[in-house]
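Inside the fold
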Amino acid sequence: MWRNTADTYGLIQMTLHWLIAILIAVLLPLGLWMTGLDYYDPWYKKAPDLHRAIGILLALLLMLRLGWRLAQVQPRSRAKSAWEKRAAVAAHRLLYLLPLLLVVSGYLISTADGRGIDVFGWFEVPATLRGLEGQEDIAGDVHFTLAMLLLAVITLHVIAALRHHLVHKDDTLRRMWPGMTTTHNR
Ligand code: HEM
């Protein structure tokens, strides 16, 4: 139930997948919206604080997920051809790598001036690398580019999942959804 099998994902990997998907679904639009806010907007300071705090939660969940994934068997691929299988492996790797790089670049933007990141008043992540030449601007450009790349990969990922479900009518989507696992209709 908790662990993966050769047929399906376990509850822990499913939960981490959907929690991280939700955090990213909040972070991407929040990040794009907050950078356009006027100085006098009540969210001008609140929105970046929220974005940074959720970003740190994402980092913790990503590390947990990566560790768990490396320790688990992965369900057999339902890909219909060799290229589809290669594309899925590449996309899944990017879906780990890009959020991790986003967290690092976001951390470098936020801590460039030496201030740490307050996570909902629960704890603070201290600044380490700070004051490098152009740190805030360069990390900002990298952060934005990575976010757009991630958006593109997520779009392809969702299209692929829906294609499995609606066109091939296999259990790819169901086996990532708690309670929907079935060994029939692959
Ligand atoms: C509505 C959005 C999403 C849907 C419908 C969806 C659907 C799925 C499905 C069906 C699988 C299983 C694929 C298989 O068994 O071969 C999967 C796996 C995966 N998904 Fe998503 N996904 C979504 C969002 C995301 C997001 C936002 C991320 C990360 C940024 C992500 C990262 C992954 C990864 C890395 C895997 C491989 C299995 C793992 O390592 O946990 N997904 N997704």
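Scope of this entry: the structure provided in the associated data block. Owing to the predicted nature of the structure, the values given are computational and were not obtained by experimental measurement.

Let's shift gears to the overall build of the protein chain. Per the secondary structure count, the protein chain includes four helices and two strands. Ordered by position from the N terminus, the helices and strands of the protein chain form the series α-α-α-β-β-α. Counting only C-alpha atoms and orienting by the principal axes, one finds that the protein chain spans roughly 55 × 30 × 30 Å. In the protein chain, buried positions account for 16% of the 186 residues. Once local pairs closer than 6 in sequence are excluded, the contacts in the protein chain between residues at least 24 apart make up 63%.

Moving on: the packing of helix 3 (residues 82-110) against helix 4 (residues 135-168). Where helix 3 meets helix 4, the closest approach of the two axes is 8 Å, and the angle between their N-to-C directions is 155°. Between helix 3 and helix 4, the angle is such that the two are roughly antiparallel. With respect to the hand of their crossing, helix 3 and helix 4 are arranged in left-handed fashion.

Once that is clear, we can look at helix 4. Over its 34 residues, helix 4 runs 47 Å from end to end, which matches the ideal 50 Å to within 8%, given 1.5 Å per residue. Among all positions of helix 4, only Ala139, His143, Leu146, Ala147, Leu150 and His164 are buried. Buried-residue contacts for helix 4 involve helix 1 (11-34) and helix 3. Remark: Lys169 follows helix 4 within two positions and exhibits a positive phi of approximately 50°.

On to unusual backbone geometry, then. Here Phe120, not a glycine, exhibits a phi torsion of approximately 50°, which is positive. Along the chain, the position of Phe120 falls in the loop between strand 1 (117-119) and strand 2 (123-125). Look at Phe120 and you get exposed, because 11 C-beta atoms sit within 10 Å. The phi dihedral of Lys169 falls on the positive side, at around 50°, and the residue is not glycine. Checked against the element boundaries, Lys169 lands in the segment after helix 4. When the 10 C-beta atoms within 10 Å are taken as the criterion, Lys169 is described as exposed.

The rules behind these values
Each chain carries its own residue numbering, running from 1 in the direction its sequence is written. Residue-level local features of this predicted model are given only where pLDDT is at least 70; pairs of side-chain atoms are given and counted only at 80 or more, and the full residue set underlies all totals for whole chains, interfaces and linings. Here a helix means four or more residues in a row that DSSP labels H or I, a strand means two or more in a row labelled E, and each is numbered from the N terminus. For the exposure call, what matters is how many other C-beta atoms sit within 10 Å of a residue's own: 20 or more marks it buried, 12 or fewer exposed, and in between partly exposed, using C-beta atoms placed from the backbone. Note on contacts: residues are paired as contacts if their backbone-placed C-beta atoms lie within 7 Å. Axis angles are defined between N-to-C directions and span 0 to 180 degrees, where every axis is a line fitted to C-alpha atoms and, for a helix, only to the segment in contact. Roughly parallel refers to an angle under 35 degrees, roughly antiparallel to one over 145, roughly perpendicular to one between 65 and 115, and oblique to any angle outside these ranges. The sense of a crossing depends on the near helix, which, turned anticlockwise from the far helix by less than a right angle, makes the crossing left-handed and, turned clockwise, makes it right-handed. Given a helix with a known number of residues, its expected span is that number minus one, times 1.5 Å.

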